[in-house]
Amino acid sequence: MQKFVIRGGRSLSGELRLQGSKNSALPIMAAALLCRDECVLRDCPALTDIYAAARILNFTGCKCTFSDNTAVIDPKEIVRTDIPESLMHEMRSSIIFMGAMLGRTGECVVSVPGGCELGPRPIDMHIAALEKMGVDISSEGGRIVCRIPKRKAHGAKLTLAFPSVGATENIILCAVTADGETVINNAAREPEICDLCGFLRKCGARIQGDGESRITVRGVEELHGCEYTVMPDRIAAATYLSMVAAAKGELILTNACVPETEPFLSVLEQTGCSIYTGKDKIYLRSAARLRAVRERIRTMPHPGFPTDAQAVLMAALTAAEGTSVFEENIFDCRYRHTDALVKMGADIQVLGKVAIVKGVKRLHGASVEATDLRGGAAMVAAALSAEGISEVTGISHIDRGYERIEDAVGALGGDLKRFGE
Ligand code: EPU
């Protein structure tokens, strides 16, 4: 079992090039299944979740190789349409293979992703939408068996009860080669949806309205392959900015997607940090002491404040002057990092979906365990700013989303070492 040992209290300064977005790369890898020839994805982050997606592709008969942040996917031959439970469980977002597999072959067998560290994560909206598009879906021994009687799905007018990212992606993936037109009302507007649509359009798909709440997809006969560069990771940007805000110092992020990171930056700016942005650069100089954020920080679907940045910003605000209040509106169990932050000296009270963070003078080092990806990153941010040494275990969660985090922190002058097998 590996762990991070972090000696806190050093300021962090330097330049980092942002990794490609995990949450874009995963649905794009699934989308490659729909193509008739090779796809080359550049800036694919080297992460355990990406390797899990590559294993799923290889299992189906696609040939996926990965090196130097480039995934080459040859989807010419699909020999399997059932994804084993073990692969499905490696990452929750494997469910987006459902829409892609249905679009390509008209059938698939997947597993219920079940609950995860963020609480129950139902897929009712995915299922209801696909059924309206002509997919027969039944549950057999814990497996979800999907079949389109006519082999091809048909377009439909759909309205999501909530702008779910995964449901929007699954519908788009099933709709791009369906018969007729699919309209998604109340679609998710996350930038990663636009990136997926950008890839699909480059392969010949006809999609309009991504980035808005009404997306229209007109089915085409088939998609060809393409070369595509995955967008930068706005959540990794939020994470490294929070780390430097917490530990003090200066950061230049390059390969940044600035407009997409704006909902986070506008809140971080209220802490007194100086932030300047260029075309694809973000510069931050931390405040001598952060100020609490006056307004309640409510996580919302994009373009609201991202739930994935809630934990890392909270880590930075634990030692701010004054009290900050968070409201988590997307996931039921997204405050699991707070116990670890409290162990490091933070003053946090959780009341249902609200967390009240009273700034303390300084955190101290402690042994803590990461229980989810962003919560784990928050523990690293807190440990870097704390006095003394911290140990963070459970770091496989962190490796799901951050490429070589020890190198990134080391390049900024932080003292974070990985130990163990
Ligand atoms: N939901 C339902 N029914 C559904 C689908 C979703 O009730 O059929 C609920 C979920 O349980 C959750 C909420 O709706 O409470 C939002 O879920 P959504 O479907 O939007 O999220 P997701 O597609 O499962 C993606 C990201 C998450 C990110 C969320 C919200 C990927 C691989 N995952 O998840 O990223 O937090 O959107 O922006 O894209 C992360 O990177 O750490 C992460 C968790």
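For the structure itself, consult the block above.
Bear in mind the structure is a predicted one, so any value in this text is a computation, not a measurement.

What counts as what
Residues numbered from 1 in each chain as written. Predicted model: local features only at pLDDT ≥ 70, side-chain atom pairs only at ≥ 80, totals over all residues. Heavy atoms only, no water. Helix = DSSP H or I, 4+ residues; strand = E, 2+ residues; numbered from the N terminus. Buried < 20%, exposed > 50% of the residue type's maximum accessible area, 1.4 Å probe, protein only. Contact = heavy atoms within 4.5 Å. Lys, Arg positive; Asp, Glu negative; His and termini not counted. Charge placed at Lys NZ, Arg CZ, Asp CG, Glu CD. Near = heavy atom within 4 Å. Polar contact = N/O pair within 3.5 Å; in protein donor to acceptor, adjacent residues only side chain to side chain. Areas by Shrake-Rupley, 256 points an atom, 1.4 Å probe, with all protein chains shown as cover. Nonpolar A, V, L, I, M, F, W, Y, C, P; charged D, E, K, R; others polar. Pairing = 2+ DSSP bridges. Axes fitted to C-alpha atoms, helices over the stretch in contact; angles between N-to-C directions. Parallel < 35°, antiparallel > 145°, perpendicular 65-115°, else oblique. Left-handed = near helix turned anticlockwise from the far one by under 90°. Core = buried A, V, L, I, M, F, W, Y, C linked by side-chain atoms within 4.5 Å. Salt bridge = Lys/Arg side-chain N within 4 Å of Asp/Glu carboxyl O.

Engineer: Explain the overall build of the protein residue by residue, including any values.
Structural biologist: A count of helical and extended segments in the protein gives 14 helices and 23 strands. Counting across all 421 residues of the protein, residues that qualify as buried make up 59%. Once local pairs closer than 6 in sequence are excluded, the contacts in the protein between residues at least 24 apart make up 72%. Taken as two groups, the 49 positive and 52 negative side-chain charges of the protein have centres that lie 3 Å from each other.

Engineer: Lay out unusual backbone geometry with the relevant residues and their values.
Structural biologist: Phi is mostly negative for residues that are not glycine, and the peptide bonds are mostly trans. In this chain, His302 is followed by Pro303 through a cis amide linkage whose omega measures 10°. Looking at the element boundaries, Pro303 is found in the loop between strand 17 (297–298) and helix 10 (310–317). At Lys248, a position not held by glycine, the phi torsion is positive, near 75°. Examined against the element boundaries, Lys248 turns out to sit in the loop between helix 8 (234–247) and strand 14 (249–254). Owing to a relative accessible area of 27%, Lys248 belongs among the partly exposed residues under this scheme. You will see that Asn255, though not glycine, has its phi angle at about 55°, which is positive. Among the secondary structure elements, Asn255 is positioned in the loop between strand 14 and helix 9 (258–268). In this structure Asn255 comes out as buried when scored by relative accessible area, which is 19%.

Engineer: How would you explain the side chain of Thr182 if you had to name every residue and give the values?
Structural biologist: You can see Thr182 is positioned in strand 10 (residues 181–185). Every residue in contact with Thr182, bar those within four places of it in the chain, is listed here: Met133, Gly155, Ala156, Leu158, Ile171, Ala175, Ile215, Thr216 and Val217.

Engineer: Please give an account of the site of the ligand that cites residues and values.
Structural biologist: Near the ligand, the surroundings consist of 23 residues, among which Asp124, Ser164, Asp308, Ile330 and Arg374 are the closest. At 2.8 Å, a backbone N or O of Gly166 approaches an oxygen atom of the ligand. With respect to the ligand, the side chain of Arg334 contributes an N or O atom lying 3.2 Å from an oxygen atom. Here the ligand has 830 Å² of accessible area as a free molecule, and 88% of this is covered by the chains. Broken down by element, the residue count for the shell around the ligand peaks at 3 residues, all from helix 5 (residues 124–132). Per-class residue counts for the shell around the ligand are 10 nonpolar, 6 polar and 7 charged.

Engineer: Requested: an account of the pairing of strand 15 (residues 274–277), with residues and values cited.
Structural biologist: Consecutive residues of a regular strand have side chains that alternate between opposite faces of the sheet. Pairing of strand 15 with strand 16 (residues 282–285) involves 4 bridges; the strand directions are antiparallel. Among the inter-strand pairings, Ser274 is bridged to a residue of strand 16, identified as Arg285. The turn linking strand 15 back onto strand 16 is made up of 4 residues.

Engineer: Describe the sheet that holds strand 17, naming the residues involved and giving the relevant values.
Structural biologist: The sheet built from 4 strands is open, its strands ordered 17-18-20-19 with mixed pairing. Where the open sheet ends on each side, the last strands, each with one partner, are strand 17 and strand 19 (347–351). Where strand 18 (residues 323–327) lies against strand 20 (residues 354–358), 5 bridges are found, and the strand directions are antiparallel. Directly across from Phe326, in strand 20, lies its bridge partner Ala355. Strands strand 17, strand 18, strand 19 and strand 20 of the sheet are contacted by helix 10, whose axis makes an angle of about 170° with strand 18.

Engineer: Please set out the packing of helix 8 against helix 12 (residues 373–385) residue by residue, giving values where relevant.
Structural biologist: One way to put it is that helix 8 packs onto helix 12 with a least axis distance of 8 Å and a crossing angle of 25°. Judged by the angle between their axes, helix 8 and helix 12 are roughly parallel. Pair helix 8 / helix 12 crosses with right-handed handedness. Every residue of helix 12 that contacts helix 8 at Ile235, Thr239, Met243, Ala246 and Ala247 is listed here: Arg374, Ala377, Val380, Ala381, Leu384 and Ser385.

Engineer: Can you break down the nonpolar core residue by residue, with the values?
Structural biologist: The biggest cluster of nonpolar side chains holds 77 residues, and the ones touching the most others in it are Met29, Ile172, Phe199 and Leu200. Setting aside its immediate chain neighbours within four residues, Phe199 contacts Ile28, Ala31, Ala32, Cys35, Cys39, Leu41, Cys226 and Tyr228. Ranked by size, the runner-up nonpolar core spans 75 residues in total, among them Ala236, Ala311, Ala355 and Ala377.

Engineer: Account for the pattern of salt bridges, with residues named and values stated.
Structural biologist: Under the defined criterion, the tally for this structure stands at 25 salt bridges. Its salt-bridge partner being Lys152, residue Glu221 comes within 3.4 Å of it at the nearest N-O pair. You can see Glu221 sitting in the loop between strand 12 (214–218) and strand 13 (227–229) and its partner Lys152 sitting in the loop between strand 8 (143–147) and strand 9 (157–159), a full 69 residues away along the chain. The class of Glu221 is exposed, set by a relative accessible area of 63%. A residue is classified by how much of its surface remains accessible, and Lys152, at 22% relative accessible area, is partly exposed. A network of salt bridges, in which partner residues are shared, links Arg7, Arg10, Asp415 and Lys417.

Engineer: Quick one: what's the story with the packing of helix 5 against helix 6 (residues 165–175), residue by residue and with numbers?
Structural biologist: In the contact formed by helix 5 and helix 6, the axes pass within 8 Å of each other and the chain directions differ by 25°. In this view, helix 5 runs roughly parallel relative to helix 6, as classed from their interaxial angle. Judged by the sense of rotation from one axis to the other, the crossing of helix 5 with helix 6 is right-handed. Within the contact between the two elements, helix 5 uses Met125, His126, Ala129 and Leu130 and helix 6 uses Gly166, Ala167, Asn170, Ile171 and Cys174. When its residues are assigned to classes, the contact of helix 5 with helix 6 shows 6 nonpolar, 3 polar and no charged.

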